[in-house]
Amino acid sequence: MFFNNANPDLAKMQLKWADRHRHPDIDETYLVVGQKDSFTVEITLNEETFHLTPPSAAFIPSGITHSIKPVEFKDGATGGLIATVTSGEYICIPPKEFE
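Here's what I pulled together on the structure shown here. On a predicted model such as this, the values are computed, not experimentally measured, just so you know. (Residues numbered from 1 in each chain as written. Predicted model: local features only at pLDDT ≥ 70, side-chain atom pairs only at ≥ 80, totals over all residues. Heavy atoms only, no water.)

Considerations on the packing of aromatic side chains
- What the rule picks out here adds up to 1 aromatic pair.
- When the ring of F39 is compared with that of F73, the centres are 5.9 Å apart and the planes differ by 20°; the resulting orientation is stacked. With F39 in strand β3 (residues 39-45) and F73 in strand β6 (residues 66-73), the pair connects residues that are 34 residues apart, well separated along the chain. Of the two residues, F39 and F73, neither departs from the other in class, the shared state being buried. (Phe/Tyr/Trp six-rings, centres within 6.5 Å; stacked < 30°, edge-to-face > 60°. Helix = DSSP H or I, 4+ residues; strand = E, 2+ residues; numbered from the N terminus. Buried < 20%, exposed > 50% of the residue type's maximum accessible area, 1.4 Å probe, protein only.)

So, in structure tokens, the structure goes:
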């Protein structure tokens, strides 16, 4: 996902891929790129939530329940998320439930 000249309303957008899920056989890395501190993404790993701004990255090992979504944009923000995965089949399965 990339954006140019974003406005704060962009964070209200609902993204299906941001729902909690996991991948059984691949690791993921998200690169948060763009103007420094121009937007914020919320990443949930199992039950922990983190807020990242550019420049930053998040590593998600296989099997970890996760979600990622933009939650804040500064007016005029430029940047995006780059997802990389290890080799293997990209399969999404339901989140693991926690007690």
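Here the narrative resumes.
Quick look at the sheet that holds β6
- With respect to topology, 3 strands assemble into an open sheet ordered β4-β3-β6, the strand pairing being antiparallel. Of all the strands in the sheet, the pair left with one neighbour each is β4 (48-52) and β6. Averaged over all adjacent pairs, the angle separating strand axes in this sheet is 20°, with direction ignored.
- Two elements, β3 and β4, share 5 bridges in a ladder whose sense is antiparallel. Following the sheet pairing, V41 is matched in β4 by L52. (Pairing = 2+ DSSP bridges. Axes fitted to C-alpha atoms, helices over the stretch in contact; angles between N-to-C directions.)

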